[in-house]
Amino acid sequence: MSEMGNGGLSVERGLLLGLSGLCLGLLVGALAFRSGPVAIDTELKPSSSTPLRVTETRKDASQGKSTASDAAGADERLPEGPIPGLGLMNNATRPATKTRPSTVPEAHEPERPPVRPLTTSLKDAISADRWFRKTRMQIHTQLGPGALVTSNGLTPAGRAVLSRVRDLENHGVLAMPYNAASLEDRAQRFSTDDERAALEAHLGRALTRLVLEWRILRTAGPFKLISEAKVTKSRSLQKKLAQLAVRFGQAQTEEEALAIIDPPHPFYTGLVNAYVAYRNLSESGGCKTLPDRRLSRRSKGKHVQALETRLACEGYFAGEPDGIYDEALVEAVKSYQRHHELDVDGAIGSETVRSLNVPMSRRAQQLRLAVHRVRETRVRKMSDYYLVVNIPAYELRAVEEGKTIRRSKVIVGTNRLDDDKVALIQGHLNRTKLFTSRLYQVVINPSWILPERIAKGELKSSLAKDPDYLDKVRIREKTLGNGTKVFVQKGGEGNVLGKVKFLLEKSNAIYLHDTDKKYLFEEKRRDFSHGCMRVHEAVKFAQWLLEKDGWDMKEVNRALGAEYAQRGMDLQNPPSFMTEYLTVDLSVEGKPRFLTDIYKYDKAYYAAELPPKTKARWGSTRLRPRWVPLVPGALVKEWRAAGKVAPRDPNWRPPAEG
C-alpha cells in the first residue's frame, strides 16, 4: 500500500509539474509573441534584380582555403575606345555571409505609468485645427496629457520642439506653417489649465510637422517623391508619422528627441552652419565683384588688394590686404579653387573670376538645397560602417560611427544622351543611379561579359573593321549554363574592369571597379562611365577593405599577385552602400565644396520638374541623341511586338507615310 501510495503521489506530482510547465511555456510564448521582432524601417528600397556572382567560400583566410569560378558581365560601357564597355555579372552562387538581420528584437523599455486620458480642454484645443487632426489626436492619446508641458514647465521633448521651431530658418525650413510667433507667445504664459492645453496642442502640432518635414516628406528628390497630399491619403505613412512623433514625445532629453528627426549624416551639421554663414553674408550685402583680369604671383597693386578683400569676405584669406601676390595669397587662391571645382594653379583667370563673382545669395540657395537633401537622405538605412558615393563630387567615402575615415576619387555615369537599340529607348541612359545596397565581395582579375547592346552594336562594328579584333582584346564567345551565347573578355591585363571589382547586392548589375584608363582620374569632371563607378587606386582600396574585414594580408596580396586567376573574396561583414546627389558637400577641412549640377537635378528642382525625365521612346522628339532619326511611335511599337531592334545604319530613315 505504501508503495502504491508513493507511486500514485509521484504520478500526480508529475502531472502537476507537467501542467505547470505547459502554462509557463504558454505564458513565455505569449510574451515572446507580444515583444517579438519588428521590421526594420526600410524606407526607399533599391531595385530588386539579383546579380549572378563570382564566388569563393572563405574557410580560413589565413590558410588560403578558397575556390574561384568564372565571371560574367553587365550593361556598362566606356565612352572611349572601340569597346566602350564596363559591366559584369557572375553566374556562380554566392556562399552565405554575415548579414544584418531583416528584423530586430523590440527594445525592452522601462515600464511607463498608465497613460492618463486627455482632458476636455486638450481635446478641444487639438480638434480646433483640422490639419492632420486625427493623427495628432492619436499622438496625444498615446503620449497622454503633460508629455510636452506640465504645470512646472516644458518637458525635455517640449523644449526640443520649441528650440527647433526657433531655429527653423537656420535649417532652411519655412517658419510660417509652424505659427512660430504664436507658439513663442504661448510658451511665455501658461498658468491656467486652458492655456496649458492650448500650448500642449500647439507644441504637438509643431512636433507633428517637424517629424513630417524631417522624416516623411521627400520633396527635394530627385526621385520617389512624397508630398504632404500623399501622406494625407496613406494610412501607412500616417502610422509612421504618429510612431515617430510618439518616440519624440517620450524622449528623456532634448538631444534624444532631436536625434529622432536629425539625419545621422556626417555633413548635416556642417552644411547647416555653412548655410547660416552664407545666408548672413548675403543679407549683409555679399562680397564685392572683381573685374575679369588675370592675376598671378608677379602681380601687385589695387587689383590684388581687391582680390585679397574678396577672398577674406568668404573666409579664404586671413591676412592684411596689402596688394602683394605672395605665397599666402597663392595658397588662399588654391584653397578657393579646390572648393569650387576649378583648376588648382593659384592664379586668377576668367573661370576663377566668374566663380568669385557668383552672388552669395546663390551660394546660400545651393547650401539650402543640400541641407534639404541631407534631411531626406537614406543614411538611416546604413549600418554604423558604410560606403557612400556623392555623384557630383566624384568621390567615394567610407564612414564609420558618423565620421569619414577614407576618401577616394571615382568616375561616375555620363550625362550625355544615348540610345539603346535593343530596348528601343533613348535619353540619359548612363547616369549612375541613386540606390542603397551592400558591398559583399571583392573580385580579383574579373572577366567581363559584354552586354547585349554592346555585343550587337559596337562589337559588330569593330569586327567589320578588323576581323582579328576579338583575338587582340582577348574576347571569346561562350555558352552559359542556360544556353545563352555571350562574348566574354578574360580577366587580366587590358580588361576594361581593371584588376578588381566590388560587387553590390540587388543593384541591377551596377558595381564599383578598377579601370584600364587610369588617366581619366586626373580630370576635374569625371562622368565618363555608363552607370558603374570606377575607383581610383582600386587595388589599394581593395586591400584596405579586405584588411578591415579581417582578411590575412598575405592571402590578399597573393591573390592580387596572380596575373590571370580570377578569385572572389567574400566580406564577412559587408558594409552598407549608397549613392547620393549633393551639389554642396564638405571638404576634409570642413569647408563647403560647391559642385557642378552634372545631372541637372538641382535645375529640375528649382523648375518644379521633379521627378526628372531621363528616358523616352526610341526615335521620339524628347531626349533624342543627334544620330537617332525621328521615328513614328506606331513603327517602334511594331518592332517591339516583333522583337526587332532599331536599325544600326546611320543613314537609315523611316519610310514616308502614304
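Values in this document were obtained by computation on a predicted structure and should not be read as measured data.

Asker: Explain the sheet that holds strand S11 (residues 448-449) to me, please; I cannot follow it from the model alone.
Answerer: The pairing of strands in a sheet comes from backbone hydrogen bonds and takes either a parallel or an antiparallel form. What the three strands build is an open sheet, ordered S11-S13-S12; its pairing is antiparallel. Looking at which strands have only one partner, the edges of the open sheet turn out to be S11 and strand S12 (475-479). As defined by bridge partners, S12 adjoins strand S13 (residues 485-489) across five bridges and the pair is classed as antiparallel. Its bridge partner being in S13, Arg476 is matched across the sheet by Val488.

Asker: Just to check I follow, could you spell out the pattern of salt bridges for this structure?
Answerer: When their charged atoms lie close together, side chains carrying opposite charge are able to pair. In the structure shown here, the tally under the stated rule is 27 salt bridges. The salt bridge partner of Arg407 is Glu395, with a shortest N-O separation of 3.0 Å. On the criterion of sequence distance, the pair formed by Arg407 in strand S7 (residues 403-413) and Glu395 in strand S6 (residues 395-400) is long-range, its members being twelve residues apart. Exposure remark for Arg407: the relative accessible area of 26% places this residue in the partly exposed category. With a closest N to O distance of 3.0 Å, Arg438 and Glu505 form a salt bridge.

Asker: I keep staring at helix H11 (residues 302-313) and nothing clicks. Help me out?
Answerer: In an α-helix there are 3.6 residues to a turn, and that puts residues three or four apart on one side. With twelve residues, H11 should cover 16 Å at 1.5 Å per step; its first-to-last C-alpha distance of 16 Å lies within 8% of that length. Residues of H11 that are buried include every one of Val304, Leu307, Glu308, Arg310 and Leu311, and no others. The buried residues of H11 occupy one face: seen down the axis, they fall within an arc of 165°. Structurally, H11 contributes buried residues whose contacts are with helix H12 (327-338), helix H13 (350-356) and helix H14 (360-375).

Asker: Honestly, the side chain of Lys421 in this entry has me stumped. Any pointers?
Answerer: Here Lys421 is to be found in the loop between strand S8 (418-420) and strand S9 (425-427). One polar contact links Lys421 to Asp419, side chain to side chain, over a distance of 2.8 Å. When residues no more than four places from it in sequence are discounted, the contact partners of Lys421 are Trp618, Trp627, Val645, Ala646, Pro647 and Arg648.

Asker: When you look at the environment of Pro291 in this model, what are you seeing that I'm missing?
Answerer: Relative to the assigned elements, Pro291 resides in the loop between helix H10 (268-283) and H11. Residue class for Pro291 comes out partly exposed when judged on its relative accessible area of 44%. Those residues within four positions of Pro291 in sequence are excluded, and the remaining contacts are His303 and Val353.

Asker: Looking at this model, I keep getting lost on the packing of aromatic side chains. Mind explaining?
Answerer: Two numbers describe a pair of aromatic rings. These are the distance of the centres and the angle of the planes. Per the counting criterion, the structure on display carries 14 aromatic pairs. Aromatic pair Tyr278 and Phe594: ring centres 5.5 Å apart, planes at 70°, arrangement edge-to-face. Of the two residues, Tyr278 is situated in helix H10 and Phe594 in strand S21 (residues 592-594); the sequence distance between them amounts to 316 residues. Assigned by exposure class, Tyr278 and Phe594 land together as buried. The ring of Tyr385 carries Lys548 above its face, with NZ or CZ at 4.7 Å from the centroid.

Asker: Could you clarify how one ought to interpret the sheet that holds S8 in this entry?
Answerer: On the basis of which strands lie adjacent, the open sheet formed by three strands has the order S8-S9-S22 and antiparallel pairing. Two strands in the sheet have a free side with no partner beyond their single neighbour: S8 and strand S22 (615-617). This sheet shows a mean twist of 25° between the axes of neighbouring strands, independent of strand direction. Here three bridges tie S8 to S9, and the two strands are oriented antiparallel to one another. Each bridged residue has a counterpart across the sheet, and for Asp418 the counterpart in S9 is Gly427.

Asker: Explanation requested: the side chain of Glu314 in the structure shown.
Answerer: Relative to the helices and strands, Glu314 resides in the loop between H11 and H12. A distance of 2.8 Å separates the side chain of Glu314 from the side chain of Arg310, its partner in a polar contact. Excluding its chain neighbours within four sequence positions, the residues that come into contact with Glu314 are Tyr278, Cys287, Tyr336, His340, Met360, Lys591 and Phe594.

Reading the values: the criteria
Residues numbered from 1 in each chain as written. Predicted model: local features only at pLDDT ≥ 70, side-chain atom pairs only at ≥ 80, totals over all residues. Heavy atoms only, no water. Pairing = 2+ DSSP bridges. Helix = DSSP H or I, 4+ residues; strand = E, 2+ residues; numbered from the N terminus. Salt bridge = Lys/Arg side-chain N within 4 Å of Asp/Glu carboxyl O. Buried < 20%, exposed > 50% of the residue type's maximum accessible area, 1.4 Å probe, protein only. Expected span 1.5 Å × (residues − 1). Arc of directions from axis to C-beta. Contact = heavy atoms within 4.5 Å. Polar contact = N/O pair within 3.5 Å; in protein donor to acceptor, adjacent residues only side chain to side chain. Phe/Tyr/Trp six-rings, centres within 6.5 Å; stacked < 30°, edge-to-face > 60°. Lys NZ or Arg CZ within 6 Å of the ring centre and 35° of its normal. Axes fitted to C-alpha atoms, helices over the stretch in contact; angles between N-to-C directions.

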